[in-house]
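Spelled out, the chains give:
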Amino acid sequence: MATAIEVRGVSKHFRLYHEQFTSLKERMLHWGKVPYEDFWALKDVELEIQEGQTFGLLGHNGSGKSTLLKCTAGIIQPTSGEIMTRGRVAALLELGAGFQPAMSGRENIYLNASLLGMSRKYVDSCFDDIVAFAELEQFIDNQVKYYSSGMYVRLGFAVAVHMDPDILIVDEVLAVGDELFQRKCFDRVRQFQREGRTIVVVTHSPDLVRQVCDRAAVLDHGSLVGLGSPAEAVRSYREHLLRRQAYLDAGEMTEMLTLAQSDASPAAEVPSLQAGRASDTSAVEGAARSDPDTAVHDSDPRDGARSTPVGESTLTISYVHFEPGHSSGKSYVETGAAMEVVIGYSSTGTFTDVVPTVTVYDNKGVVLFTASTKLSPTEIEVTPGSGEFVFSFDSMPLLDGDYPVTVGVTSYDEYTVYDWQEQQHTLSVITRNSQTGLIFVPARITVRHAFASQAPVGT
Amino acid sequence: MVAPTELPARGTDAAVTPRSGDRPLRVVAPKISLRKRAQAVWEYRELLGEMTRKELTVQYKNSILGFLWSMLNPAINLVVYFVVFQLILKNGIPRFAIYLMCGTLVWNFFSMGVSGACGSIVGNSPIIKKVAFPREIPALAQIGSALTQMGFQTIVLVIFLVAFRSGPAVAYLPLLVPAMLALVLLATAIGILFAALNVKLRDVGYLLGIGLQVWFWGTPIVYTYAQIRDPIQFGHSHYLWLFVLYRLNPVTPIVLTFQRAIYSVTSPKGAGGVAVHILPDHAGLWWYGWQLLAVIGFASALLIFALTVFANREGNFAEQL
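Residues numbered from 1 in each chain as written. Chains lettered and ligands numbered in written order. Predicted model: local features only at pLDDT ≥ 70, side-chain atom pairs only at ≥ 80, totals over all residues.

> I'm lost on the overall build of chain B in this one. Help?
For chain B, the count of helices and strands is 14 helices and 1 strand. Here the C-alpha radius of gyration of chain B, 25 Å, is well above what a compact globule of 321 residues would show, namely 20 Å. Overall, chain B is about 105 × 45 × 40 Å in size when its C-alpha atoms are taken along their principal axes. Across the 321 residues that make up chain B, the buried fraction comes to 36%. Long-range contacts, defined here as pairs at least 24 residues apart, represent 82% of the contacts in chain B between residues at least 6 apart. (Helix = DSSP H or I, 4+ residues; strand = E, 2+ residues; numbered from the N terminus. Rg over C-alpha atoms; globule rule 2.2 N^0.38 Å. Buried ≥ 20, exposed ≤ 12 C-beta atoms within 10 Å, placed from the backbone. Contact = placed C-beta atoms within 7 Å.)

> Can you walk me through the pairing of strand E11 (residues 339-347) of chain A in this structure?
When a strand is regular, its side chains alternate between the sheet's two faces. All names here are of chain A. In this sheet, E11 lies alongside strand E10 (residues 315-324) in antiparallel orientation, the contact comprising 9 bridges. Across the sheet, residue Glu-323 finds its bridge partner in E11, namely Glu-340. Bridge analysis of E11 against strand E14 (residues 385-393) gives 9 bridges, and the strand direction is antiparallel. Along E14, the bridge assignment pairs Gly-344 with Glu-388. (Pairing = 2+ DSSP bridges.)

> When you look at the interface of chain B and chain A in this model, what are you seeing that I'm missing?
Across the contact, 41 residues belong to chain B and 54 residues belong to chain A. Elements that contribute at least two residues to the side of chain B that touches chain A include exactly strand E1 (25-28), helix H2 (45-58), helix H6 (125-130) and helix H14 (317-320) of chain B. When residues of the side of chain B that touches chain A are assigned to their parent elements, the largest contribution, 6 residues, is made by H2(B). Of the residues in the side of chain B that touches chain A, the class split is 23 nonpolar, 5 polar and 13 charged. Across 4 bridges, strand E4 (residues 80-86) of chain A lies against E1(B) in antiparallel orientation. Each residue of the ladder has a partner; that of A:Thr85, found in E1(B), is B:Arg26. (Nonpolar A, V, L, I, M, F, W, Y, C, P; charged D, E, K, R; others polar.)

> Mind showing me how you'd approach the confidence of the model for chain B here?
Detailed reading of the predicted coordinates is not advisable wherever pLDDT falls low. Residues and elements named next belong to chain B. Model confidence for chain B is summarised by a mean pLDDT of 84, while 91% of its residues fall at 70 or above. Segment residues 1-16 is flagged for pLDDT under 50; beyond a separation of four residues in sequence, or across chains, it makes 16 contacts in the model. Taken over the whole predicted complex, pTM reads 0.71, whereas the ipTM for its chain interfaces reads 0.78. (pLDDT = per-residue confidence, 0-100.)

> Mind showing me how you'd approach the sheet that holds strand E13 (residues 367-372) of chain A here?
Neighbouring strands of a sheet are bound in pairs by backbone hydrogen bonds; such pairs are parallel or else antiparallel. All names here are of chain A. The sheet built from 4 strands is open, its strands ordered E13-E12-E15-E16 with antiparallel pairing. The open sheet has two free edges, formed respectively by E13 and strand E16 (417-429), since each of these has just one partner strand. On average, each strand axis in the sheet is tilted by 20° relative to the strand beside it, whichever way the strands run. Of the strand pairs in this sheet, strand E12 (residues 354-361) and strand E15 (residues 401-411) are connected by 7 bridges, and their pairing is antiparallel. Each bridged residue has a counterpart across the sheet, and for Thr-357 the counterpart in E15 is Gly-408. (Axes fitted to C-alpha atoms, helices over the stretch in contact; angles between N-to-C directions.)

> Looking at this model, I keep getting lost on the packing of helix H8 (residues 176-200) of chain B against helix H12 (residues 251-263) of chain B. Mind explaining?
In a packed pair of helices, the relevant descriptors are the angle between the two axes and the axis-to-axis distance. Residue and element names in this part refer to chain B. At their nearest, the axes of H8 and H12 sit 9 Å apart, and the two run at 150° to each other. Viewed along their axes, H8 and H12 adopt a mutual orientation that is roughly antiparallel. Viewed along their axes, H8 and H12 form a crossing whose handedness is left-handed. Contact with H8, carried on its side by Leu-176, Ala-179, Ala-182 and Leu-183, involves Ile-254, Thr-257, Phe-258 and Ala-261 of H12 and no other residues of that element. Partitioned by chemical class, the residues of the contact of H8 with H12 number 7 nonpolar, 1 polar and no charged. (Parallel < 35°, antiparallel > 145°, perpendicular 65-115°, else oblique. Left-handed = near helix turned anticlockwise from the far one by under 90°.)

> Help me understand the confidence of the model for chain A in this model?
Averaged over all residues, the pLDDT of chain A equals 76, while 76% of them reach at least 70. Scored below 50 in pLDDT, residues 256-310 of chain A shows 33 contacts in the model against residues more than four places distant or in partner chains.

> Where do I start with the sheet that holds E14(A) in this structure?
All names here are of chain A. If you trace the 3 strands from one edge of the open sheet to the other, you get E10-E11-E14, paired in antiparallel fashion. Of all the strands in the sheet, just E10 and E14 have a single pairing partner and so form its edges. On average, each strand axis in the sheet is tilted by 20° relative to the strand beside it, whichever way the strands run.

Here it is in structure tokens:
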């Protein structure tokens with residue numbers, strides 16, 4: 001398959017002015033001393049997307065994913081490097097961008113279509129389809145300013161999807177509109193996939209990536225930090241998100257500390273900054289949590305736990321088994337029977353704050369349930385060597401099918417991911433009866449007869 | 001388990017039909033050559049038409065007189081100039097209304113096109129930020145809309161010509177073609193240049209407004225070219241440098257050509273049978289032709305310069321708006 005999009009060494013530089021001086025007077029006043037910061041929104045990004053692929057771009061806010069998208073669409077130009085696209089590109093950054101409120105729906109279709117690069121002749125040929133898709137037959141000759149926001153978005157989407165693109169670039173526009181409209185958007189995306197079109201989705205939703213993408217990349221601070229299958233990308237994204245969260249939290253805490261210290265009376269004993277910080281940190285952390293285990297943390301300040309040397313010791317998942325409960329006497333996992341998920345680990349150090357997690361998905365990537373020790377007050381400590389985490393379920397409610405499973409081991413505060421296997425395991429379930437659906441809910445069904453003493457109506 | 005709408009199994013190509021046909025290869029890079037840019041504008045020519053139409057219709061939507069309003073402004077100007085210069089100042093130019101219209105026809109297009117184009121990128125910021133299309137198009141659409149309005153004003157001029165029973169100078173009419181070319185090139189060049197500069201520094205738009213006002217009075221529209229030239233030629237004036245500067249105005253040859261072709265006479269007899277000097281007496285077709293060629297050359301060079309400046313700044317439009 002040919003390459004649809006080739007991103008070659010793309011960087012994008014912005015100057016962030018702390019104040020934007022757009023008038024000459026201000027420029028003169030601040031001549032040569034306008035404070036600005038150099039900001040690289042993209043740093044030397046290399047990427048190839050094959051034709052027919054649905055590609056996800058994951059990243060937190062400000063990671064540069066939208067900048068990359070805008071460069072790919074040709075809305076802005078990179079500072080260096082180049083992007084080659086093969087085929088017609090449609091970028092859905094905003095539905096109905098450039099609609100003229102004073103013009104009718106009909107006129108706006110032609111204007112918007114030509115903005116997206118469609119010819120008038122082509123729009124003539126599919127005009128009725130566009131109107132039908134937008135469900136605006138009655139209102140097409142009304143001025144757009146009288147449209148509801150829903151009608152507005154529908155019209156924008158209808159025009160956009162009719163432009164027959166080879167490459168469709170979507171920037172989370174699928175997240176707008178009501179449920180029915182979202183359904184329609186998704187159906188269109190699926191249809192585009194079937195037709196072998198290339199789709200690039202920009203999102204910060206891992207679920208969306210798992211649901212629709214073939215491949216995905218992760219951007220962080222303008223650099224490409226992960227590339228691969230959706231599962232790998234999601235894992236990499238998670239890790240970066242957690243690291244970033246830790247960084248932000250740390251910043252917040254330092255701030256709180258400085259506040260606390262400036263509030264403190266001179267008489268109060270403040271040891272060295274370093275020591276004060278270490279003990280205060282756990283106190284702040286404990287107070288911030290409303291978990292039932294807050295007490296545990298407060299009574300047991302784990303100063304040592306925080307300094308778990310991630311770089312030196314490792315904790316890895318060595319195997320994952322799904323076993324029928326010992327009491328069931330079966331050799332397979334059966335609906336309604338007991339089940340155990342066994343995670344084998346090997347460790348080279350001592351970890352005092354280990355939280356193992358099991359998450360089960362359906363085949364669309366929707367999370368069905370998660371189990372972890374996060375909410376339980378028990379602390380799991382792992383010593384050097386190997387062992388197993390055993391998750392026991394008394395009654396497994398899933399019905400017949402194969403379910404992707406993610407297992408992971410993190411620290412309690414989730415700042416550290418010891419090991420994470422994103423949807424690398426499959427839970428196969430067998431159902432003995434012919435129940436349909438996703439889960440088995442035991443039900444007792446009885447019949448209540450109406451009392452004979454109640455007189456029939458009408459006499 | 002059976003889900004109501006099953007998505008096609010990914011990883012298998014069974015449901016995927018490979019798309020056929022050639023795919024245009026497009027490159028997004030820091031610099032895009034002028035030829036490629038011109039090509040892109042050509043590909044988007046329908047958008048140019050649609051945007052021109054939009055500029056013309058949106059402005060006067062929901063107004064009873066509608067498009068007439070766009071004619072009213074120049075018409076009022078015309079009346080004011082007529083009253084002030086003909087009736088109060090008694091400039092003695094015969095058929096002054098027609099003389100005025102020749103000049104204002106050119107100037108209205110120029111000023112409307114240039115100032116419209118200057119604000120076009122800022123004014124279209126919603127689409128500049130969200131849609132990829134050649135950024136020159138909004139500026140060109142403003143030129144197109146000014147050109148359309150010029151067409152309507154031409155109709156009014158023709159009606160006046162018929163009413164005054166005043167015929168054009170047929171031999172000079174073909175000169176209107178290079179004159180129009182020079183005019184459109186010049187307006188486009190200046191418009192595109194200012195459109196690009198205005199994104200970062202909004203003063204540019206205000207400066208242009210003032211500049212256009214001075215420029216208007218520096219062009220022989222309400223007074224005659226002879227009124228400026230004659231004192232120089234006969235040695236009455238010491239402001240030769242001012243005249244040289246005046247002659248460098250690229251709009252002057254265009255206006256003069258329009259006046260020569262449509263107003264048609266160089267020194268008509270005014271009140272009392274005295275000849276009034278308006279245009280150069282002994283200037284033939286080539287006198288106008290060479291000047292127009294010079295303006296076309298200058299405007300083309302300026303246009304290339306403007307497009308280069310535009311191209312350099314375009315990459316950041318979406319961010320700076």
